[in-house]
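Coordinates in review
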Amino acid sequence: MTNRNLLFVLSDDMEALDLTGPLTVFDWANRLSAQGRSRPAYRLRTASPGGRSVTASGGLVLVAQSALAAEPVPDTVVIPGAPSDPDVVAWLKVHASEIRRVVAVYEGVLTLAAAGLLDGCRTVAHWRLAPTVARCFPAVRVDSGSIHAGDGRRWTSAGMASGIDVALDLVEADHGPDLALEVARQLVVFLRRTHNQGQISTQLRLAAARRGGLRRILEWIVDHPGEDLTVETLSRRAALSPRQFTRAFTTETGLSPGRFVAQVRLQAACQRLVEHPQDSLEEVARSAGFSSAEVMRRAFRRAHGIAPSAYRKANLPGAA
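Attention here is on the structure that accompanies the text. (Residues numbered from 1 in each chain as written. Predicted model: local features only at pLDDT ≥ 70, side-chain atom pairs only at ≥ 80, totals over all residues. Heavy atoms only, no water.)

Side note on the packing of helix α1 (residues 16-32) against helix α6 (residues 177-186)
- Running from amino to carboxyl end, α1 crosses α6 at an angle of 115°, the nearest separation of the two axes being 9 Å. In this view, α1 runs roughly perpendicular relative to α6, as classed from their interaxial angle. Here α1 runs over α6; the crossing is right-handed. Facing α1, whose interface residues are Val25, Trp28, Ala29 and Leu32, α6 presents Leu179, Glu182, Val183 and Gln186. (Axes fitted to C-alpha atoms, helices over the stretch in contact; angles between N-to-C directions. Helix = DSSP H or I, 4+ residues; strand = E, 2+ residues; numbered from the N terminus. Parallel < 35°, antiparallel > 145°, perpendicular 65-115°, else oblique. Left-handed = near helix turned anticlockwise from the far one by under 90°. Contact = heavy atoms within 4.5 Å.)

Observations regarding empty space enclosed by the protein
- A complete count under the given rule lists one cavity of 30 Å³ or more for this structure.
- Estimated volume of the largest cavity: approximately 30 Å³.
- As for the largest cavity, its lining consists of Ser11, Ile79, Pro80, Ala82, Pro83, Asp85, Val88 and Thr111.
- Split by residue class, the lining of the largest cavity holds five nonpolar, two polar and one charged. (1 Å grid on protein atoms, 1.4 Å probe; cavity = no way out; pocket = protein on both sides within 12 Å on 5 of 7 lines; lining within 4 Å. Points joined across faces, edges and corners; volume = space filled by probe spheres on them. Nonpolar A, V, L, I, M, F, W, Y, C, P; charged D, E, K, R; others polar.)

Remarks on the packing of aromatic side chains
- Scanning all chains against the criterion turns up five aromatic pairs.
- With a centroid separation of 5.7 Å and 70° between ring planes, the pair formed by phenylalanine 300 and tyrosine 311 is classed as edge-to-face. Highlighted residues: phenylalanine 300 in helix α13 (residues 293-304) and tyrosine 311 in helix α14 (residues 308-315), separated in sequence by 11 residues. Residue phenylalanine 300 shares its accessibility class with tyrosine 311, and that shared class is buried.
- By the ring-pair criterion, three or more aromatic residues cluster together here, those being Phe8, Phe26 and Tyr42.
- Cation over ring: arginine 31 sits above tryptophan 28, and NZ or CZ is 4.1 Å from the ring centre.
- The cationic tip of arginine 237 hangs over the ring face of tryptophan 220; the distance from NZ or CZ to the ring centre is 3.7 Å. (Phe/Tyr/Trp six-rings, centres within 6.5 Å; stacked < 30°, edge-to-face > 60°. Buried < 20%, exposed > 50% of the residue type's maximum accessible area, 1.4 Å probe, protein only. Lys NZ or Arg CZ within 6 Å of the ring centre and 35° of its normal.)

As structure tokens, then:
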């Protein structure tokens, strides 16, 4: 198992979770891989410009272990979400060719983009930040729909909880799926999310619905993914014409009825694959509203990049 030096760069006004989430993943990777090893899987360091303490979200004061300029160039640099710091940008520009891998969480994409490290790269940005990134850095290919992306050298994530997701993927890339899954179990991350999963879940869209009648329709869809969920059927339930229903639905949720139903069915299939491991893929497909296992497989490939059987294997509790 190769030892890797990871450096977390601290800045004022950073999101505390963008640091502590990924840091905890790598720390658990060290603890779980410690037996029989003379060195941990990761050497974890924190640094800030000038070595100063920084104030993170919630007023949390963080003391850096060293000054950024004094740190040897690491294997991997992690930039948690914070307003872009010119000193950090300058340091990245100087050492870019020596750093094997850079990782940005949330606003950290602004720092990597300012250093020119994301030009031409598919870059996941938090939906709130995406317009700013696209406007200020036109050479960056912005993706505001996924939770994280990586090409081996450059990794970006939407931020907050998705920093944990990208850290788990890095552990898997470095040390294999067994260790990554064991870390996920320790952190009680029941279903590890794939990089293509959307930033806004169907449950959040449901909670955002303001009209009581439409909200009840949304709840019915989530509770009955295997039923007839065509626009015609749903509009009758809502006592609206199909056209009125589609317009109201899209306004409230930001998705067409068809896309919302597709997301609900995919999430229902994900849940059933893990909670009912004895069910065949055909049974899972029918319960989630897919016409066949093959149709479900194509939906999984589009959304997650893997087959349903692979998703089940990777996410079964106790898998290692």
